[in-house]
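Chain by chain, the residues:
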Amino acid sequence: LSASFLALCIKAELSPLPAALCKRAAPLGPMPNEDIDVSNLEVLEKYRSFTRYFRLAEKESRKPRWWRTYRQHTSPQPEPKTDISLPRDKLLRAKEIKERKKILRENRQNAEMERAARLRTALIPLDEVRAEWEKTSGPFHKQRVAEHCGIFRDLFKGATFTPWVTLRVEYSQEDEHLVPVYYGNVVTPSEASSPPAVSYEADKGSLWTLLLTNPDGHLRDADSEYLHWLVMNIPGNDIKSGKEICHYLPPFPAMGTGYHRFIFLLFKQDCPIDFSEDVRPTPCHSLKMRTFSTFDFYRKHEDAMTPAGLAFFQCQWDSSVTWVFHQLLNMREPVFEFVRPPVYHPPQLKFPRHQPLRYLDRYRDTEEPTYGIY
């Protein structure tokens, strides 16, 4: 026993110990609480309340550390995105607060408003609220919705912009009913069969470009788009006076492809643009000629135009799409279906145990239905 023990000791001296293999390197900076004397904990300051402890803990958590925290590992900061929006003067925060306090002071001095609020008969002017929203936080909300729906990712390769100009798009129907386009609402292809009425606020003498594209409907290339409408060199907000580069084509989302995004983009031009390379023939019912890339179009004219407005709707197949494929595009209508893979069954056991009576039905060669005991 002693000889074998001696042999083990000699072997241990010749081979490295496990403790040596897992030896840790020195830390790259100060460790937490290393300045605390653990031998005399009574001298430490007492928190006395949870509120004070929570406040100090929050303050400590905001301090920069030399190590990466768990949150930095699991949720890394996204890469900064290029902002291509129109330049806009920032309102002073003090001036904005002063104006809000002035409005609140006037409302408190209004006896009729106070009485209506107390009797619950006050009417809120929704048009004024919407106009105020469009001027203040509305553009940032629209930008967030577009970011959530992948508009900037698919059209501008990740670059983003704030839609400072309010773009109003409405489709007129036969019964004088208007179908508006907001920011992701559903519009059927039959409702969008004719060009919409587009309006926006523009200075006199300014030039604009209006674009309608579908990034989800290309039948051959997933990274390409279909151009549905393009009007350039629009004077002010008069769409009819602009040069129509590509006439309007109704939406045609193929059957079985789900919802498609149809995006209206409004660009502000700095000067008249030579659009000779972008002109499509009239009529243009060739999908090959309507293949489009918003990113390439913007890169080609980025020195003369800046994105300023945004609106989009979602659309899926209905019966009017068949007419567009047959009559306008002159092609067979594609139909997409989900092909389910065959049901997987593990290899058959010769002596199955704890299996139901229908076990052998899974391995029959025939396709005829079986009527066993289920």
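Our subject is the structure listed above.
Every value quoted in this text rests on a predicted model; they were computed, and no experiment measured them.

A. Just the pairing of strand 5 (residues 207-214), in detail. Among the 8 residues in strand 5, 8 count as buried, and that is most of the element. Of the two faces of strand 5, both are covered, the one formed by Leu207, Thr209, Leu211 and Thr213 as well as the one formed by Trp208, Leu210, Leu212 and Asn214. Sheet topology places strand 5 next to strand 6 (residues 225-235); 7 bridges connect them, and they run antiparallel. Bridge pairing links Leu211 to Leu230 in strand 6. Sheet topology places strand 5 next to strand 8 (residues 260-269); 7 bridges connect them, and they run antiparallel. When the sheet's bridge partners are listed, Thr209 is paired in strand 8 with Phe267.

B. Examining helix 11 (residues 319-328) more closely. Taken together, the buried positions of helix 11 are occupied by Val321, Val324 and Phe325. Down the axis of helix 11, the buried side of the element spans an arc of 90°, and every buried residue falls inside it. Of the exposed residues in helix 11, those oriented more than 90 degrees away from the buried face are Ser319 and Gln327. Positive backbone phi, at 55°, marks Asn330, one or two positions downstream of helix 11.

C. Geometry of the sheet that holds strand 4 (residues 197-199). Across the sheet, which stays open at both edges, the 3 strands sit in the order 2-1-4 with antiparallel pairing between neighbours. Looking at which strands have only one partner, the edges of the open sheet turn out to be strand 2 (178-181) and strand 4. Neighbour-to-neighbour, the strand axes of this sheet turn through a mean angle of 25°, independent of strand direction. Pairing of strand 1 (residues 168-172) with strand 4 involves 3 bridges; the strand directions are antiparallel. Across the sheet, residue Glu170 finds its bridge partner in strand 4, namely Ala197.

D. Structural context of the pattern of salt bridges. Throughout the structure, instances matching the rule amount to 16 salt bridges. For the salt bridge of Glu114 with Arg118, the shortest nitrogen-to-oxygen distance reads 3.2 Å. In this pair, Glu114 and Arg118 both sit in helix 6 (residues 111-118), 4 residues apart, roughly one turn of the helix. Through salt bridges with shared partners, a single ionic network connects Arg153, Asp154, Asp216 and Arg261.

Thresholds applied
Note on numbering: residues in each chain are counted from 1, in written sequence order. Given that the model is predicted, a residue must reach a pLDDT of at least 70 before its local features are reported, and side-chain atom pairs must reach 80 or more before they are shown or counted; all residues, however, enter totals for whole chains, interfaces and linings. With hydrogens and water set aside, each side-chain value is computed from the structure's full complement of heavy atoms. A simple rule labels every residue: compare its accessible area, found with a 1.4 Å probe on the protein chains alone, to the largest value its type can have, and call it buried under 20%, exposed over 50%, or partly exposed in between. In this description a helix means any DSSP run of H or I spanning at least four residues, a strand means any run of E spanning at least two, and both kinds are numbered starting from the N terminus. Strands are treated as partners if at least two bridges between them are detected by DSSP. This arc describes the spread of directions from the helix axis toward the C-beta atoms. Only C-alpha atoms enter the line fits that serve as axes; for helices the fit covers just the stretch in contact. Angles between N-to-C directions range over 0 to 180 degrees. Whenever Lys or Arg places a side-chain nitrogen within 4 Å of a carboxyl oxygen from Asp or Glu, that contact is recorded as a salt bridge.

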